[in-house]
Structures are given as structure tokens and as C-alpha cells.
Amino acid sequence: GAGVSQSPSNKVTEKGKDVELRCDPISGHTALYWYRQSLGQGLEFLIYFQGNSAPDKSGLPSDRFSAERTGGSVSTLTIQRTQQEDSAVYLCASSSQGTSGGGAQYFGPGTRLLVL
Amino acid sequence: DQQVKQNSPSLSVQEGRISILNCDYTNSMFDYFLWYKKYPAEGPTFLISISSIKDKNEDGRFTVFLNKSAKHLSLHIVPSQPGDSAVYFCAASDHGSSNTGKLIFGQGTTLQVKP
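Only a predicted model underlies this, so the values are computations on that prediction, with no experimental measurement involved.

1. Here we look at the state of the cysteines
- Counting across every chain of the model gives 2 disulfides over all chains.
- Each sulfur of the disulfide joining Cys23 of chain A and Cys92 of chain A lies 1.9 Å from the other. Because the torsion about its S-S bond is -65°, the bridge between Cys23 of chain A and Cys92 of chain A counts as left-handed. Here Cys92 of chain A lies in strand 8 (residues 88–95) and Cys23 of chain A lies in strand 3 (residues 19–24), a separation of 69 residues in the sequence. A single burial state applies to Cys23 of chain A and to Cys92 of chain A, both of which are buried.
- A sulfur-sulfur separation of 2.0 Å characterises the disulfide bridge that pairs Cys23 of chain B with Cys90 of chain B.

2. Thoughts on the sheet that holds strand 3 (residues 19–25) of chain B
All names here are of chain B.
- One open sheet accounts for 5 strands, arranged 1-3-8-7-6; its pairing is antiparallel. The open sheet has two edge strands, strand 1 (4–5) and strand 6 (56–59), and neither has a second partner.
- As paired strands, strand 6 and strand 7 (residues 62–67) are joined by 4 bridges and run antiparallel to one another. Each bridged residue has a counterpart across the sheet, and for Glu58 the counterpart in strand 7 is Thr63.

3. A look at the layout of surface pockets
- Considering only enclosed or pocket space, the largest pocket measures out at about 430 Å³ in volume.
- Lining the largest pocket are 22 residues, with Leu43, Glu44 and Phe45 of chain A together with Ile104 and Phe105 of chain B sitting closest to its centre.
- For the lining of the largest pocket, the secondary structure elements donating two or more residues are strand 5 (43–50) of chain A together with strand 10 (104–105) of chain B.
- Of all the elements, strand 5 of chain A adds the most residues to the lining of the largest pocket, at 3 residues.
- When its residues are assigned to classes, the lining of the largest pocket shows 7 nonpolar, 10 polar and 5 charged.
- The space that makes up the second largest pocket amounts to roughly 360 Å³.
- Gln37, Ser38, Leu39 and Gly40 of chain A together with Lys38 of chain B are the residues nearest the centre of the second largest pocket, which is lined by 19 residues in total.
- Those elements that place two or more of their residues in the lining of the second largest pocket are strand 8 of chain A together with strand 9 (86–93) of chain B.
- Per element, the largest residue contribution to the lining of the second largest pocket is 3 residues, and it comes from strand 9 of chain B.
- Looking at the lining of the second largest pocket residue by residue, the class counts come to 9 nonpolar, 8 polar and 2 charged.

Conventions we followed
- Residues numbered from 1 in each chain as written.
- Chains lettered and ligands numbered in written order.
- Predicted model: local features only at pLDDT ≥ 70, side-chain atom pairs only at ≥ 80, totals over all residues.
- Heavy atoms only, no water.
- Disulfide = S-S within 2.5 Å.
- Helix = DSSP H or I, 4+ residues; strand = E, 2+ residues; numbered from the N terminus.
- Buried < 20%, exposed > 50% of the residue type's maximum accessible area, 1.4 Å probe, protein only.
- Pairing = 2+ DSSP bridges.
- 1 Å grid on protein atoms, 1.4 Å probe; cavity = no way out; pocket = protein on both sides within 12 Å on 5 of 7 lines; lining within 4 Å.
- Points joined across faces, edges and corners; volume = space filled by probe spheres on them.
- Nonpolar A, V, L, I, M, F, W, Y, C, P; charged D, E, K, R; others polar.

Just distances and angles here, no functional claims.
Printed below as a string of C-alpha cells:
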């Protein structure tokens, strides 16, 4: 069975450009999360989608960051006007249990973003 | 404010011995705890979890212990194998107030198992 997939695996961009990162969750998982891991840091929560509910955007670091989830499946994280401090590994995870409690999150391989 | 802390950045053990990875948390509302393993250039892999209603969960060579009064959990790996060498992350969530299950991660501990 396919796990969580993410694309691109690596992205190098120039400061000020916009980037889009894609996540395909595990089929049937209703909950989808985005995290990022900066160099030498733990994972930092960004945004959460659960079914048709309004997303929890409380972790987004600035209004340059946005995400959407179309059809309850694929999600896209967009970073506008990228800054060098946006350089990090962006990880997507999905889970079969979001609000019901418990339920492990399964991670994709991540997108390594480097902003020059 | 670091709600989940892994105070040991690294740990080295001999193959066949026990590895003990520690994690402390500050938020008493956390009700679900997980351990993930991460190899370089890969996403974290789920290892084992424990609900706050339990104090121990075992899965093969991996056992997680939870001490709620001390706000402390640990992961025991026995016997340790060279393939266990990786970065281990402790994570916690609070389903009650946040209702999202978002995970709060520690900084990670790099485990090296020497043959």
C-alpha cells in the first residue's frame, strides 16, 4: 500500500519567489498535517485539515504561508515571497483519526526547500 | 516555551544492550504520546505510542513507559541493534482542548548503536 508521498523532494528557489509543495496522503486518511523541520530543530506544526472542517492554521508562521486541500485528499502548501528563513524540510503527515483521539500520524519523505 | 523536551541530544550504546531514550513534557493536558524514528533524508517513521490512561506499552523490542506525575516518558529498546541507529523524536498531543491531534515534538535524540 502506498504511503504519504510528497513532491518535489528538493526545491531550490530564489528569495522572493513563490513555491508550491504537494502532499498526497494515505488513501482513506481524513486528517492531514503539515510540519516543518528547520536545521537542528524538532518538527514544528503548521496546519491541519480534517474532512470538511475548517483547517487549523494556528501554526502558520506568517501570512505568506497558505495551504489548501482539494477534494479531501491532495494538499498544497504555498509559500509566497520566500525568505531565507523559510529554508527547511517540509513534512506532510496523514492519519485515520483526527479529532477522535489517538491515531498515529504517518509521514511522507518531506520536501527540502532551500531559499537562496 | 518548549513543551516537549529531549534533554539528551545523543546516546551511544553497544549492540545487544538496552537503549533508554528520555522525554519530559510540561503540558499536563497532553493525553497521547508517540515515538518516531528518523533516518537522514527520510520522513519520521512511527514506532510506538501510549495513551495517558496507560503507563506502559510494549511492541516487540520497543517499550514506552509513561510517568504522568513526573511528566516523563521513556522509550526502551532491547536488545539494541545497529539498524536502530537514527534520530528518535518524542511527540505529544492534546486532543481535549485543541481537538486537532497536532503533535508537539521534542528536539530529537541521536542514537548510535555500535556493533
